[in-house]
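# An overview of the molecular structure
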Amino acid sequence: MPLPDLDSSVGHSFGLEFDSVVIKQITEVSGLKMEQDVIELKQNTADGKYAIKKLPGRPKAGEVTVTRGLTEDNSFERWIKDSRFGRMTDARRNGAVIVYDYEGLPIKRYTLINAWPKSLEIGTLKAGDTSVLTEKLAITYESMELG
């Protein structure tokens, strides 16, 4: 069910999809942004005044970090091994970060082009701690498409 006009969306849950495999247990997504350079064009106007125009430049590559609870699923580890051993044709993938509503239906998709894992960080291991053990995957990408 689509949201009524002027209602904001609440990101109830998030997913990561690469190679038609969806990981829905993502607890946090950070750093997701689209950015480009700014070109300054300095010129004189017809009446001789100095003016600066700003123009869109080249798009910048980005980086996103996804966090999930530690599970038996080793897809993050397999993916980062491809990039660590230089198998970039296997490591570079197109995928998406998906935002789901409270009913589990996708409401927004951020497609990442030529993405590959930069790092994998395991949460702090502490004896007697009762917090959930997490893993954070930093993914770098060449461009992002909204859809």
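Report on the accompanying structure. Note that this is a predicted model, so its numbers are computed, not measured.

Let us look at the overall build of the chain. Looking only at helices and strands, the chain features two helices and nine strands. Helices and strands appear in the chain in the N-to-C order β-β-β-β-β-α-α-β-β-β-β. The dimensions of the chain, computed from C-alpha atoms along their principal axes, are 75 × 45 × 35 Å. Residues counted as buried form 27% of the 147 residues belonging to the chain. Looking at the chain alone, contacts between residues at least 24 apart form 61% of all its contacts between residues at least 6 apart. Accessible surface for the chain amounts to roughly 10,200 Å². Of this, 52% is attributable to carbon and sulfur atoms. Both charge centroids of the chain, one from 20 positive and one from 22 negative side chains, sit 7 Å from each other.

Right, let's talk about helix H1 (residues 75-84) for a bit. The set of residues buried in H1 consists of Ser-75, Phe-76, Trp-79, Ile-80, Asp-82 and Ser-83. Looking straight down H1, one finds its buried side chains confined to an arc of 150°; they lie on one side. Note on H1: the residue one or two positions beyond its end, Gly-86, has a positive phi of about 80°.

So, about the packing of aromatic side chains. Enumeration over the complete set of coordinates arrives at one aromatic pair. Judged by centre distance (4.6 Å) and plane angle (45°), the ring pair of Phe-18 and Trp-79 falls under tilted. Separated by 61 residues along the polypeptide, Phe-18 in strand S1 (residues 13-18) and Trp-79 in helix H1 bring together distant segments of the chain.

So, on to the pattern of salt bridges. Tallying each qualifying case throughout the model produces eleven salt bridges. The salt bridge partner of Arg-68 is Asp-73, with a shortest N-O separation of 2.9 Å. Across the salt bridge formed by Arg-68 and Glu-135, the nearest N and O atoms sit 2.7 Å from each other. You can see Arg-68 sitting in strand S5 (residues 62-69) and its partner Glu-135 sitting in strand S8 (residues 134-141), a full 67 residues away along the chain. Judged by its relative accessible area of 0%, Glu-135 falls in the buried class.

What counts and how
- Residues numbered from 1 in each chain as written.
- Predicted model: local features only at pLDDT ≥ 70, side-chain atom pairs only at ≥ 80, totals over all residues.
- Heavy atoms only, no water.
- Helix = DSSP H or I, 4+ residues; strand = E, 2+ residues; numbered from the N terminus.
- Buried < 20%, exposed > 50% of the residue type's maximum accessible area, 1.4 Å probe, protein only.
- Contact = heavy atoms within 4.5 Å.
- Areas by Shrake-Rupley, 256 points an atom, 1.4 Å probe, with all protein chains shown as cover.
- Lys, Arg positive; Asp, Glu negative; His and termini not counted.
- Charge placed at Lys NZ, Arg CZ, Asp CG, Glu CD.
- Arc of directions from axis to C-beta.
- Phe/Tyr/Trp six-rings, centres within 6.5 Å; stacked < 30°, edge-to-face > 60°.
- Salt bridge = Lys/Arg side-chain N within 4 Å of Asp/Glu carboxyl O.

Spatial relationships are all this shows, so hold off on functional conclusions.
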